[in-house]
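# Structural description and commentary
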Amino acid sequence: MSGLTDLGVAAIRDGFREGDFSAREVAEAFNAAVAAAKPLNAFIVETPEHALAAADAADQERADGSVRPLSGVPLGIKDLFCTAGVQTTAASHMLEGFVPPYESTVTERLFLSGAGMLGKLNLDQFAMGSSNETSAFGDVLSPWRSKTGGNAALTPGGSSGGSSAAVAARIAPGATGTDTGGSIRQPAAFTGISGIKPTYGRCSRWGVVAFASSLDQPGAMARDVRDCAIMLEAMSGFDPKDATSLKLDVPAWENNLSSDLRGLRVGVPKEYRVDGMPAEIDALWERGIAFARDAGAEIVEVSLPHTRYALPTYYIIAPAEASSNLARYDGVRYGLRDLPEGANLQDMYAATRADGFGAEVKRRILIGTYVLSAGFYDAYYTKAQKVRALIARDFERAFETCDVLLTPTAPSAAFALGEKSADPLAMYLNDVFTVPSSLAGLPAMSVPGGVDAGGLPLGLQIIGRPLDEQGVLNAALAIEERAGFTARAEKWW
Amino acid sequence: MSVDAAAVRKIASLARIAVTEAEVDAMTGELNNILGWVEQLGEVDTDGIEPLAAVIPNQLRLRDDVVTDGGIRDDVLANAPQAEHGFYAVPKVIE
């Protein structure tokens, strides 16, 4: 039944419960689709046996009348989540062969909800990148091809590029992602799927390979808003093992979905009209504004005056935290060890880290080491933390006059692999619309809003108040219903 | 502020990353590019602003001072590049 891979999370869950098909049939269909999609390079490790075992358990539960929220649904897991007994690499040679003896809290919750795992999805190395070109296991290719850009291989976005490619190519109904500066939303926009980063602290970071701890936040990527709500409900919740985890109940996001935006004030931040923004992105934004108005919302212009300082702030804070977090890769306790002939302990550390980290990871560790070093700490790091406070305050003030914000997700459609990889700064600028809300810890989501002249997906972003995932999901749903996005990548793999 | 080759070698040694001379040259340019770009933060008036450490206000919790885990030495050592006699092994650190 190949038609099964055309179903999303909700459709699989419901069809399975209704008895339209068995969980095993679903798992077999997706396992076959994964095996046939190797040219995309979306998976680092495939785990068909995990998906089948969860499916057999689900079929038994259905017979016993004890199905769980995600019984029958196989998912892709970003290879940044530690999975017990299954290699977890963060797409780095540093962790090649690392098999965690423990399960991340997010994957544990998903599996306890009945979900199975199709495999571990490729990503930018240690989640550092916006194009999936920094993985030690090769680039992920987007399933999309531009109708006007020749046949160039396109980026699926990053860092959750394996996740976005897998969902867009219909080889997984949903996938986990993590978002530090836009790593769920930008790849979702580039591949025509939906992705939500919840409020910082909603999803536990325990067992997620750390990049920048004050920013990292797991989230859900799927074909539509409802599927994201279902997944996020299963992933979220208090975890005593993560000191930044919020001790709050998880709302019934799916049950409370509503695309009726009457009474809602949607803010449009004027500073997001950046210089040189393509006319297509501006037109997409106008369409999104029209959709929100059509759903009953009132549109208000708001100001986020420190927007232009968000990226430089991010590129101090994230590398600073990364340089600290990645100090753990020393060749002693796990991962790679490079021990040159006659080397002492210090030589071993330096050789191991030179071998195990890719160029972008080294670049960020060095920047982070520099901005935290004696003499520069206040000029760079403390200054950035102060500007971060101003960026957060901008959002607080904007939310005095509006309930959610509507912006484009990225300043362009997906670019070609190799197009920006030689220029780190050009790559960083791709995250201009997603980074500010990450710095403020706010819930934010990307939904497909339309296509560009080449037929490539473009995303619209909704940003909400702290803990207002419902407002974000509802506004996104209103846009989704009106955008009528039905384009999909033509199968070439 | 900008970095020269000596500064890059110093940063790399602080970060415990071995670098070749060719890498030092390349990184000097890249780091200066990025550092030059972040200099624009100097334009922002941050007088009287407290640095933001926690984005979402959250009370740090204390847990009961009890052992919640343990007796898993083999699990802990399972991924070690070199483990001997129940310990991590490293190159000799005494002369």
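The coordinates are above.
The structure reproduced in this document is the subject of the present report. (Residues numbered from 1 in each chain as written. Chains lettered and ligands numbered in written order. Predicted model: local features only at pLDDT ≥ 70, side-chain atom pairs only at ≥ 80, totals over all residues. Heavy atoms only, no water.)

## Section: the environment of alanine 234 of chain A
All names here are of chain A. With respect to the secondary-structure elements, alanine 234 resides in helix H7 (residues 225-235). Alanine 234 sits 153 residues away from phenylalanine 81 along the chain, and the two C-alpha atoms are 15 Å apart. Sequence-distant contacts of alanine 234, that is, excluding residues within four places in its chain, are made with Leu70, Arg109, Leu110 and Ser113. (Helix = DSSP H or I, 4+ residues; strand = E, 2+ residues; numbered from the N terminus. Contact = heavy atoms within 4.5 Å.)

## A word on the pairing of strand S10 (residues 444-451) of chain A
Residue and element names in this part refer to chain A. By the criterion of burial, S10 is predominantly enclosed, with 7 of the 8 residues buried. Judged from the 3 bridges that link them, strand S5 (residues 194-197) and S10 form a sheet pairing that is antiparallel. By the bridge assignment for S10, isoleucine 196 is matched with methionine 445. Direction of pairing for S10 relative to strand S11 (residues 457-464): antiparallel, over a ladder of 7 bridges. Its bridge partner being in S11, valine 451 is matched across the sheet by proline 457. Here S10 hands over to S11 after 5 residues, with glycine 455 in that stretch at a positive phi of 80°. (Buried < 20%, exposed > 50% of the residue type's maximum accessible area, 1.4 Å probe, protein only. Pairing = 2+ DSSP bridges.)

## Things to note about the packing of aromatic side chains
Residues and elements named next belong to chain A. What the rule picks out here adds up to 18 aromatic pairs over all chains. Ring geometry for tyrosine 315 against tyrosine 428: centres 3.7 Å apart, planes inclined by 5°, an arrangement best described as stacked. Highlighted residues: tyrosine 315 in helix H9 (residues 310-325) and tyrosine 428 in helix H13 (residues 424-428), separated in sequence by 113 residues. One exposure class covers both tyrosine 315 and tyrosine 428, and it is buried. For the pair tyrosine 370 and tyrosine 380, a centre-to-centre distance of 5.8 Å together with 55° between the ring planes defines the contact as tilted. Here the residue tyrosine 370 occupies a position in helix H11 (residues 359-372), and tyrosine 380 occupies one in helix H12 (residues 377-398), the gap between them amounting to 10 residues. No difference in accessibility class separates tyrosine 370 from tyrosine 380, as the two residues are buried. The aromatic ring of tryptophan 285 is capped on one face by arginine 273, whose charged end is 4.3 Å from the ring centroid. Lying over the aromatic face of phenylalanine 415, lysine 420 brings its terminal NZ or CZ to 5.0 Å of the ring centre. (Phe/Tyr/Trp six-rings, centres within 6.5 Å; stacked < 30°, edge-to-face > 60°. Lys NZ or Arg CZ within 6 Å of the ring centre and 35° of its normal.)

## Remarks on helix H4 (residues 105-112) of chain A
All names here are of chain A. Among all positions of H4, only Thr105, Val106, Thr107, Leu110 and Phe111 are buried. Where the residues of H4 are buried, they touch helix H3 (48-64), strand S2 (74-78), strand S3 (116-121), strand S4 (174-179), strand S6 (217-222) and H7. Positive phi appears at glycine 114, one or two residues downstream of H4, with a value of about 105°.

## Considerations on the packing of H11 of chain A against helix H1 (residues 5-14) of chain B
The contact between H11 of chain A and H1 of chain B brings their axes to 9 Å, and the two run at 95°. The angle between H11 of chain A and H1 of chain B places the two elements in the roughly perpendicular class. Note on element contacts: H1 of chain B touches H11 of chain A through Ile11, Ala12 and Leu14 of chain B, opposite Leu366, Thr369 and Tyr370 of chain A. When the residues that make up the contact of H11 of chain A with H1 of chain B are grouped by side-chain class, the tally is 5 nonpolar, 1 polar and no charged. (Axes fitted to C-alpha atoms, helices over the stretch in contact; angles between N-to-C directions. Parallel < 35°, antiparallel > 145°, perpendicular 65-115°, else oblique. Nonpolar A, V, L, I, M, F, W, Y, C, P; charged D, E, K, R; others polar.)

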